[in-house]
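What follows is each chain in one-letter form.
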Amino acid sequence: MAKPYPELVSVFDIFKIGVGPSSSHTMGPWKAARQFLLDFEAFMPLETIQKLRIFLFGSLAKTGKGHGTDFAILLGLQGESPETTDTALIRARVAQIKAQQQLSLLYRHSIPFYYETDLRFVGQESLPFHPNGMRFEADYGGEMPFAQQYYSVGGGFIVKEGEPPQRRLSGQLPYPTQTPTDLQDWCLQTQKPISALVWENERYWRSEEDIRAGLLRIWHTMRACMYRGGHAEGELPGGLRVIRRAAQMNLRLLEGKSCASPEEWQATLQGLGPDFQKTLRWVSCFALAVNEENADFGRVVTAPTNGPRGVIPAVLMYYVCFHKSVSEEDICKFLLTAGEIGSLFKKGATISAAMGGCQAEIGVSSAMAAAALTERLGGSPLQALMAAEIAMEHHLGLTCDPIGGLVQIPCIERNSMGAIKAITAAQIALESDPAGPGSLDAVIQTMMRTARDMSDKYKETAEGGLAVQIPINVIEC
Ligand code: SF4
């Protein structure tokens, strides 16, 4: 009999289409801003709001400018959605709000808004529940302003002060999992691969057509992002003077050939012969392309968050382009397995860099990709779990110290490293006899303990490591 478990996470919670550069610092605050107005509307009409103040605390205040938190909040208050907003217009929209000193709430009610004083970065203070705290206050004519606090807890998830974490999903899944051991037990009991169990769990919430369409939409968004990043030149915003490299790399690897669409690009790559050096460079190129797009407010997919969003597309594209006869079905299975591993880290530890450093981002995405690739290359469920374990073991203790709070250095290259480690972890696991049950459980617990031991300087605050060795002034995007 299946045990009821408290936390339910869908593969579509792990892979969400949105906007860069950060899920915790961009997509979460974006969602919280919109949520605040919906909460206000449940209390009073939106049109009664006269003034709005937003306070960002802790990590959001310390690295929010570099992560585009201010942009996200303003667009969320306007009612834009990260999934559908025109990313090419983001900067212009924010510039207009600043210049006109007017903010149209949900595009229905305009109020005066002074960016410098109404949006405050309170770096010296943290709210108690989580380092990514924010408070919204609305003056509406009552004695006290209507105020609400929210936390962005990683991967675009938010929690409202005083309420338990939002439970979007409910129900009794056929194969509930809280730990890797649960997953392993179900696999052994049913003799099914991880992806098949996750598919059946997802079926509890959606039709087969919706799951398939949703997974392929995620894949197409990832591929389009790699294609755009592989064809865009120039300097990334923020003042670090980082030059995009993926496009030049793509051009050199294609030896001058050009491709007019993501589909043509994929087909061209699939026609390339085996060449270890080139394949290695392609994996880096894919990861760089995604992360350069992410740093430039491009459309990306969380995997499981935004910082490491290049790892899974890079490994998946490597699988699609450099292995024989990979079908859309295989791509869906890859994403199902990867999503399940991400959910186990979310349930057992954290996927938030503000809680766990970069091990919780690049480390988790590398583990997700390693398990998915292992399964697709014929590995057993135990080998897939072993690959995830190997990938995370070699990211334990990885700190988050982005220079200038921008998701650029070391983040962009770190995605290439995470992708390569995932491929190596899969190869090692495929050559191994899995050690026995429980190893990934132990690694997830170790990651969480390491996170607790880690100084706050290394948890997305830009107060330690590279961020202090190479200080820069962030330039407004
Ligand atoms: S250092 Fe790692 S966790 Fe921190 S912002 Fe960069 S990619 Fe994300």
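Predicted model, so just to flag it, every value in this text is computed and none were measured.

Caption draft 1: Spatial organisation of the overall build of the protein. Helices and strands together make up the secondary structure of the protein, namely 20 helices and 9 strands. Expected size for 477 residues packed as a compact globule is a radius of gyration near 23 Å; at 22 Å, the protein falls within 12% of this value. Principal axes of the C-alpha set define a box for the protein whose edges measure 65 × 60 × 45 Å. The buried share among the 477 residues of the protein stands at 59%. Pairs at least 24 apart in sequence give 76% of the contacts found in the protein among residues at least 6 apart. Total accessible area on the protein is roughly 18400 Å²; 52% of this is exposed by carbon and sulfur atoms. Seen as two clouds, the 44 positive and the 51 negative side-chain charges of the protein have centres 2 Å apart.

Caption draft 2: Molecular detail of the nonpolar core. Counting 103 residues, the largest nonpolar core has Phe15, Met222, Trp265, Ile312, Leu335 and Phe345 as the members making the most contacts within it. Ranked by residue count, the leading element in this core is helix α13 (residues 311–322), at 10 residues.

Caption draft 3: Looking closely at the sheet that holds strand β7 (residues 146–154). Spatially, 5 strands are ordered β5-β2-β6-β7-β8 in an open sheet, and the strand pairing comes out mixed. Looking at which strands have only one partner, the edges of the open sheet turn out to be β5 (119–122) and β8 (157–160). Averaged over all adjacent pairs, the angle separating strand axes in this sheet is 25 degrees, with direction ignored. As judged from the 4 bridges shared by β7 and β8, these two strands associate in the antiparallel manner.

Caption draft 4: Region of interest: the pattern of salt bridges. As enumerated under the stated definition, the model contains 27 salt bridges in all. We note a salt bridge from Glu202 to Arg206, for which the minimum N-O separation is 2.8 Å. Relative accessible area serves as the criterion here: at 2%, Glu202 is assigned to the buried category. Arg206 gets classed as partly exposed once you look at its relative accessible area, which sits at 21%. Arg203 is the salt-bridge partner of Glu208, the closest N and O atoms lying 3.4 Å from each other. Overlapping salt bridges bring together Arg91, Arg228, Arg244, Glu293 and Asp296 as one network.

Caption draft 5: A look at the packing of aromatic side chains. Applying the stated rule across the entire model yields 18 aromatic pairs. Measuring from ring centre to ring centre gives 5.0 Å for Phe129 and Tyr151, while their planes differ by 70 degrees; the resulting arrangement is edge-to-face. Here Phe129, found in the loop between β5 and β6 (133–139), pairs with Tyr151, found in strand β7; they are 22 residues apart in sequence, far enough to count as distant. A residue is classified by how much of its surface remains accessible, and Phe129, at 48% relative accessible area, is partly exposed. Note on Tyr151: relative accessible area 1%, which makes it buried. For the ring pair Tyr318 and Phe322, a centre distance of 6.3 Å and an interplane angle of 50 degrees mean the geometry is tilted. Taken together, the positions of Tyr318 and Phe322, both in helix α13 and 4 residues apart, correspond to about one turn of that helix. According to the relative accessible area criterion, Tyr318 is buried, its value standing at 11%. Through a chain of ring-to-ring contacts, the aromatic side chains of Phe36, Phe40, Phe43, Phe136, Tyr140, Phe146 and Tyr150 assemble into a single cluster.

Caption draft 6: Quick look at the packing of helix α9 (residues 208–229) against α13. The interhelical angle for the contact between α9 and α13, taken along N-to-C directions, is 95 degrees, at an axis separation of 10 Å. As far as their axial angle goes, α13 and α9 are roughly perpendicular. Where α9 approaches α13, its residues Trp219, Met222, Arg223 and Met226 are matched on the opposing element by Ile312, Pro313, Ala314, Leu316, Met317 and Val320. Across the contact of α9 with α13, the residue classes tally to 9 nonpolar, no polar and 1 charged.

Caption draft 7: Up close: the site of the ligand. Neighbouring the ligand are 7 residues, the closest being Ala353, Cys358, Glu361, Cys400 and Cys411. In terms of residue class, the shell around the ligand is built from 4 nonpolar, 1 polar and 2 charged.

Rules behind the numbers
- Residues numbered from 1 in each chain as written.
- Predicted model: local features only at pLDDT ≥ 70, side-chain atom pairs only at ≥ 80, totals over all residues.
- Heavy atoms only, no water.
- Helix = DSSP H or I, 4+ residues; strand = E, 2+ residues; numbered from the N terminus.
- Rg over C-alpha atoms; globule rule 2.2 N^0.38 Å.
- Buried < 20%, exposed > 50% of the residue type's maximum accessible area, 1.4 Å probe, protein only.
- Contact = heavy atoms within 4.5 Å.
- Areas by Shrake-Rupley, 256 points an atom, 1.4 Å probe, with all protein chains shown as cover.
- Lys, Arg positive; Asp, Glu negative; His and termini not counted.
- Charge placed at Lys NZ, Arg CZ, Asp CG, Glu CD.
- Core = buried A, V, L, I, M, F, W, Y, C linked by side-chain atoms within 4.5 Å.
- Pairing = 2+ DSSP bridges.
- Axes fitted to C-alpha atoms, helices over the stretch in contact; angles between N-to-C directions.
- Salt bridge = Lys/Arg side-chain N within 4 Å of Asp/Glu carboxyl O.
- Phe/Tyr/Trp six-rings, centres within 6.5 Å; stacked < 30°, edge-to-face > 60°.
- Parallel < 35°, antiparallel > 145°, perpendicular 65-115°, else oblique.
- Nonpolar A, V, L, I, M, F, W, Y, C, P; charged D, E, K, R; others polar.
- Near = heavy atom within 4 Å.

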